[in-house]
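Descriptive structure summary
Below are the chains, spelled out letter by letter.
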2 protein chains.
Amino acid sequence: MVPSSQGPHVNTVDVLLGDRSYPIEITSDAADRFAETIIDQLGDLSHVLLIADESVDQAWGRPLAEKLAESATDRPIRVSATTVASGEPSKSVAEFERLLAWVLSEGGDRRSVIVAVGGGVIGDLAGFVAASFARGVRFVQIPTTLLAMVDSSVGGKTGINLPAAKNMVGAFWQPSLVLIDTAVLATLDDRSYLSGLAEVIKYGVIDDAEFFGYLESHAGDLVARDPESLRHAIGKSCQSKANVVGDDERETSGRRAILNYGHTFAHAIESTAGYGTFLHGEAVAIGMQMAARMAIDTGMCDRALWERQTRLIQACGLPTTWADAQPDAMLPVMMRDKKVAHGKLRFILPTRIGSVEMVGDVDESAVRDAIVKLKK
Amino acid sequence: MVPSSQGPHVNTVDVLLGDRSYPIEITSDAADRFAETIIDQLGDLSHVLLIADESVDQAWGRPLAEKLAESATDRPIRVSATTVASGEPSKSVAEFERLLAWVLSEGGDRRSVIVAVGGGVIGDLAGFVAASFARGVRFVQIPTTLLAMVDSSVGGKTGINLPAAKNMVGAFWQPSLVLIDTAVLATLDDRSYLSGLAEVIKYGVIDDAEFFGYLESHAGDLVARDPESLRHAIGKSCQSKANVVGDDERETSGRRAILNYGHTFAHAIESTAGYGTFLHGEAVAIGMQMAARMAIDTGMCDRALWERQTRLIQACGLPTTWADAQPDAMLPVMMRDKKVAHGKLRFILPTRIGSVEMVGDVDESAVRDAIVKLKK
Ligand SMILES: NC(=O)c1ccc[n+]([C@@H]2O[C@H](COP(=O)([O-])OP(=O)(O)OC[C@H]3O[C@@H](n4cnc5c(N)ncnc54)[C@H](O)[C@@H]3O)[C@@H](O)[C@H]2O)c1
Ligand SMILES: NC(=O)c1ccc[n+]([C@@H]2O[C@H](COP(=O)([O-])OP(=O)(O)OC[C@H]3O[C@@H](n4cnc5c(N)ncnc54)[C@H](O)[C@@H]3O)[C@@H](O)[C@H]2O)c1
Ligand SMILES: [Zn+2]
Ligand SMILES: [Zn+2]
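These numbers were taken from a predicted model, which means no experiment stands behind them.

About the criteria used
- Residues numbered from 1 in each chain as written.
- Chains lettered and ligands numbered in written order.
- Predicted model: local features only at pLDDT ≥ 70, side-chain atom pairs only at ≥ 80, totals over all residues.
- Heavy atoms only, no water.
- Domains from an automatic or database assignment.
- Contact = heavy atoms within 4.5 Å.
- Buried area = accessible area lost by both parts, 1.4 Å probe.
- Salt bridge = Lys/Arg side-chain N within 4 Å of Asp/Glu carboxyl O.
- Polar contact = N/O pair within 3.5 Å; in protein donor to acceptor, adjacent residues only side chain to side chain.
- Helix = DSSP H or I, 4+ residues; strand = E, 2+ residues; numbered from the N terminus.
- Nonpolar A, V, L, I, M, F, W, Y, C, P; charged D, E, K, R; others polar.
- Least-squares fit on C-alpha atoms with pLDDT ≥ 70 in both.
- Pairing = 2+ DSSP bridges.
- Axes fitted to C-alpha atoms, helices over the stretch in contact; angles between N-to-C directions.
- Buried < 20%, exposed > 50% of the residue type's maximum accessible area, 1.4 Å probe, protein only.
- Arc of directions from axis to C-beta.
- Donors = N, O, S within 2.8 Å, 3.2 Å for Na, K, Ca; no water.
- Phe/Tyr/Trp six-rings, centres within 6.5 Å; stacked < 30°, edge-to-face > 60°.
- Near = heavy atom within 4 Å.
- Areas by Shrake-Rupley, 256 points an atom, 1.4 Å probe, with all protein chains shown as cover.
- Parallel < 35°, antiparallel > 145°, perpendicular 65-115°, else oblique.
- Left-handed = near helix turned anticlockwise from the far one by under 90°.
- Patch = residues over 30% accessible without salt bridge, like charges linked within 9 Å, V, L, I, M, F, W, Y side chains within 5 Å.
- Lys, Arg positive; Asp, Glu negative; His and termini not counted.
- Charge placed at Lys NZ, Arg CZ, Asp CG, Glu CD.

1. As for the domain arrangement of chain A
Residues and elements named next belong to chain A. For chain A, the domain assignment lists domain 1 (4–187) and domain 2 (190–373). Relative to domain 2, the C-alpha centre of domain 1 lies at a distance of 27 Å. Listed by partner, the interface residues are 25 residues for domain 1 and 26 residues for domain 2. Both sides together, the interface formed by domain 1 and domain 2 hides about 2300 Å², and carbon and sulfur atoms give 64% of it. Between the two partners, domain 1 and domain 2, sit three salt bridges. Ionic pairing is found between glutamate 251 and lysine 157, a salt bridge with its closest N-O pair at 3.2 Å. On the surface where domain 1 and domain 2 come into contact, there are nine residue pairs in polar contact (both at pLDDT 80 or more). Residue assignment for the side of domain 1 that touches domain 2 shows that the elements contributing at least two residues are β1 (11–15), β2 (22–27) and α5 (146–152). Sort the elements by how many residues they give to the side of domain 1 that touches domain 2 and α5 lands first, with five residues. Residues belonging to the side of domain 1 that touches domain 2 are distributed by class as follows: 15 nonpolar, seven polar and three charged.

Encoded structure:
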């Protein structure tokens, strides 16, 4: 991550995936340069289709669309723009179809570029549109939530939901460029912002002990949204995810599973608490606690990890326990989870800060114990 | 293409695409062995989802489903089966969504295998479902029209239509296996069958002079659906397409464009005649004549090619002229075609039997002349 010699600080993470490699550029207060960067980085740019979450369109979508239309040097860039309603229900087949018809009606072709401006919902949806229109057009991600910056915009997973199951339909489709500006987060409410920090902590535990240390000493700065600490934390998180994804782009080797640390529990927490009770990151925080608890109880790691993780999660204003947890309700959900192979539960458990292992064949009673111990 | 030492004749074409390579097996009267072949070729087969065109379900879909359920050796294979209404309207977002929900409700997961039994409509639709469910599951093609056998089932293009444009949405998704049995064609009406021969002739002109010679000497056998000639012609056609696709899997290098020989004209013929007037192959036959005509008039090839192509198309019972052709109606359609770059028409034109070139910057008047000359 090298700050450029002049102009604003730019932390760059290169996602290395052969001919699908792309850079993630992380800045603060420099979003007015996004149009330039897009034009610089993508050759043959004649038509941009901007798809923005309605809640960030005025602040970030429209200004970018205008800049893109103005910035053109030799040949003008045609810019089309539309918005999508905020929230998970937009990740539907109906919205997918509407956007495809819109791209076509705007004269989109194989050389068009789709730009997504929003959180994970918009990135996943617009990404699947980009993957599918004309069997694939280029795609730029401009994530506007912390979760999207450190997680959903990296790794190439795109997709939509079916009424009966989340993220069940989609494609692996890598962006050509990801542009992150921390100033975009200013309008994000505290709870959503802190929720994104849970995924940041996750990278420290699963992949990077030094980064975990950084988070311990900068938790206060991060909670206060200090731009420099944020750029560093986002960059390290993207780097960790990029490393894992580089080893297992299409989720075939199993390596990518480590990103699910805390998530088997989290999905069961979200689902049994009723969707909406917890934000995803809050459930992940509690889920990581349950996983760490299991690791201690089975002797896989020592108590120090547990204590450091608990303190860091608390310092980031996130929950570490769940008084209402119901193991009898959670277990069946976990059994239906994708990480169950042949009826046996599998978990990503920590061995020390910076390292996790996939543990198959886990006893139901160990899972139950961990849930119960986290009730207070 | 090596007949197996015992049992039925099996011509095999290997489509070489690195870790996405797969075999095409071509037999006659051996479809009752398809279940075995699928089980042999695909490891880890626990759940098969069979999607069949309703018109071939009773004869080929259901018997295969039953065999699959019976053939299991150690662990039983769970078999789910559904049908799709015959015809192009099934290649819709609505049908895509219905099938995805069906796969989910049948308990489909990442290890499930989708098997498509039908013509190009079913292959394209079921292939896009396979590409998208859980971001991609394995896929077996059992093409039941000649066009699907020699064209749509090879090459990995899958997709659906938007109301305003055909094949506008989809994915490149290679099958794991393609199983062809010529006996399946017995129920196909003559016009549809002969229409498929146009694409067969196309491979001779664009890629394989020896094969063109074979077609000249076996046109009668092919029209009579002689199994041995058919297996040979299907195998050679698949081999030609596989070679081109191997050089340009995702249609980026331009090499794949040679498959469009005759097609820029054909699309304009189909569209201005009103969809349904010509079958696709009939329009391709006339389109190849128009393209050959242009090649002669611009001095790119000699008259002998024209005469041989005309005779072969006629011998296959396909049209070589179109009395009602309207250049004023056809040209605007061709200008909208994907093969127009920066407002200039581009064509695939033959230089000799077995070889074509992409010619850009073509004069409208040359196109017009070729259309007019083919009016009688
Ligand atoms: N593709 C992946 O690898 C991946 C990984 C994790 C999660 N996801 C997906 O991401 C989605 C969740 O992402 P999310 O948390 O960003 O949700 P989101 O996109 O719904 O955004 C959360 C809320 O914040 C609003 N918002 C966005 N940016 C804002 C800003 N700058 N200021 C104020 N409000 C803003 C949105 O309108 C929305 O209401 C889920 O659908 C999940 O499945 C995908
Ligand atoms: N993916 C590709 O590379 C590619 C290439 C060329 C064409 N296509 C697509 O393929 C489609 C056309 O394929 P098609 O011509 O096979 O059309 P199709 O699938 O509609 O089949 C034509 C008709 O024949 C019927 N039929 C199928 N098998 C039969 C059998 N054995 N006996 C009797 N009737 C049978 C069908 O019900 C249908 O009515 C188009 O949608 C086209 O876009 C795709
Ligand atoms: Zn998560
Ligand atoms: Zn064709």
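2. Some words on the relation of the copies chain A and chain B
Between chain A and chain B, which share one sequence, the superposing operator has a rotation angle of 180 degrees and an axial displacement of 0.0 Å; the RMSD is 0.0 Å. Given the turn and translation reported, the copies of this chain are related as if by a two-fold rotation axis. Taken together, the interface assignments show that 100% of the residues at the interface of chain A recur at the interface of chain B, consistent with an identical surface on both copies.

3. Examining the sheet that holds strand β2 (residues 22–27) of chain B
All names here are of chain B. If you trace the seven strands from one edge of the open sheet to the other, you get β1-β2-β9-β6-β5-β3-β4, paired in mixed fashion. Of all the strands in the sheet, the pair left with one neighbour each is β1 (11–15) and β4 (78–84). Within this sheet the neighbouring strands show an average axis-to-axis angle of 15 degrees, counted without direction. Here β1 runs beside β2; their pairing, made up of five bridges, is antiparallel. From the neighbouring strand, valine 13 faces β2, where its bridge partner is isoleucine 24. Seen against the sheet, helix α4 (residues 120–132) touches β3 (47–53), β4, β5 (113–118) and β6 (138–143) and runs at an angle of roughly 170 degrees to β5.

4. Things to note about helix α12 (residues 327–336) of chain B
All names here are of chain B. Those residues of α12 that fall on the buried side of the exposure criterion are Pro327, Met330, Leu331, Val333 and Met334. Seen along its axis, α12 keeps its buried residues to an arc of 165 degrees; they face one direction. Turned more than 90 degrees off the buried face of α12, the exposed positions are Asp328 and Arg336.

5. Some points on the sheet that holds strand β6 (residues 138–143) of chain A
Think of a sheet as strands paired side by side through backbone hydrogen bonds, with each pair either parallel or antiparallel. All names here are of chain A. Overall, mixed pairing links the seven strands, which are arranged β1-β2-β9-β6-β5-β3-β4 in an open sheet. Of all strands in the sheet, those bounded by a partner on one side alone are β1 and β4 (78–84). Taken pair by pair, the neighbouring strands of this sheet meet at an average axis angle of 15 degrees, ignoring direction. For β2 and strand β9 (residues 177–181), the ladder comprises four bridges, and the chain directions are parallel.

6. Some remarks on the coordination of the zinc ion (ligand 3)
Residues and elements named next belong to chain A. At this site the zinc ion (ligand 3) is bound by Glu199 (OE), His263 (NE2) and His280 (NE2), with donor distances of 2.0 to 2.1 Å. Sequence positions of the residues that donate to the zinc ion (ligand 3) give the spacing E-x63-H-x16-H. Placement of glutamate 199 in helix α6 (residues 190–207) and of histidine 263 in helix α9 (residues 263–272) is noted, with a sequence separation of 64 residues between them.

7. Description of the coordination of the zinc ion (ligand 4)
All names here are of chain B. Glu199 (OE), His263 (NE2) and His280 (NE2) make up the full set of protein donors to the zinc ion (ligand 4), lying at 1.9 to 2.1 Å. In primary-sequence terms, the residues that donate to the zinc ion (ligand 4) follow E-x63-H-x16-H. With histidine 263 in helix α9 (residues 263–273) and histidine 280 in helix α10 (residues 280–297), this residue pair connects regions lying 17 residues apart in the sequence. Judged by relative accessible area, which is 5%, histidine 263 ranks as buried. Here histidine 280 falls in the partly exposed class, since its relative accessible area comes to 23%.

8. Concerning the packing of aromatic side chains
All names here are of chain A. Enumeration according to the criterion identifies eight aromatic pairs over all chains in this entry. On the basis of an interplanar angle of 10 degrees and a centroid distance of 4.4 Å, the ring pair of phenylalanine 96 and phenylalanine 128 is categorised as stacked. With phenylalanine 96 in helix α3 (residues 93–105) and phenylalanine 128 in helix α4 (residues 120–132), this residue pair connects regions lying 32 residues apart in the sequence. Here the two residues phenylalanine 96 and phenylalanine 128 agree in accessibility, since each one is buried.

9. Notes on the site of ligand 2
Residues and elements named next belong to chain B. Near ligand 2 there are 22 residues, and of these Glu88, Gly120, Thr144, Thr145 and Thr187 occur at the shortest range. Serine 86 places a polar side-chain atom, nitrogen or oxygen, 3.0 Å from an oxygen atom of ligand 2. In this structure, a nitrogen atom belonging to ligand 2 sits 2.9 Å away from a side-chain N or O atom of aspartate 124. With the chains in place, 79% of the 850 Å² that ligand 2 exposes on its own is no longer accessible. Where the shell around ligand 2 is concerned, the elements lending two or more residues are α2 (54–71), α4, α5 (146–152) and β8 (165–172).

10. Examining the packing of α6 of chain A against helix α7 (residues 209–223) of chain A
All names here are of chain A. One way to put it is that α6 packs onto α7 with a least axis distance of 7 Å and a crossing angle of 160 degrees. Judged by the angle between their axes, α6 and α7 are roughly antiparallel. Helix-helix and strand crossings are classified by hand; for α6 and α7 the assignment is left-handed. Here Tyr193, Leu194, Leu197, Val200, Ile201, Tyr203, Gly204, Val205 and Asp207 of α6 come into contact with α7, specifically with Ala209, Phe211, Phe212, Leu215, Leu222 and Val223. Per-class residue counts for the contact of α6 with α7 are 13 nonpolar, one polar and one charged.

11. Some points on the interface of chain A and chain B
Facing the 31 residues of chain A at the interface are 31 residues of chain B. Linking glutamate 251 of chain A and arginine 110 of chain B is a salt bridge whose minimum nitrogen-to-oxygen distance equals 3.5 Å. Inspection of the region where chain A meets chain B yields eight residue pairs in polar contact (both at pLDDT 80 or more). When residues of the side of chain A that touches chain B are assigned to their parent elements, the largest contribution, seven residues, is made by strand β8 (residues 165–172) of chain A. In terms of residue class, the side of chain A that touches chain B is built from 17 nonpolar, six polar and eight charged.

12. Let's talk about a negative patch on the surface
All names here are of chain B. On the surface, Asp29, Asp32, Glu36 and Asp40 cluster together into a negatively charged patch. Mapped onto the fold, aspartate 40 is located in helix α1 (residues 34–41). We classify aspartate 40 as exposed; its relative accessible area is 65%.

13. Things to note about the packing of α6 of chain A against helix α10 (residues 280–297) of chain A
A pair of packed helices is captured by two measures, namely the crossing angle of their axes and the spacing between those axes. Residues and elements named next belong to chain A. At a minimum axis separation of 7 Å, α6 and α10 run at an interaxial angle of 40 degrees. By the angle between their axes, α6 is oblique relative to α10. Viewed along their axes, α6 and α10 form a crossing whose handedness is left-handed. Side by side, α6 and α10 meet where Arg191, Ser195, Ala198, Glu199, Ile201 and Lys202 of the first sit next to His280, Gly281, Glu282, Val284, Ala285 and Met288 of the second.

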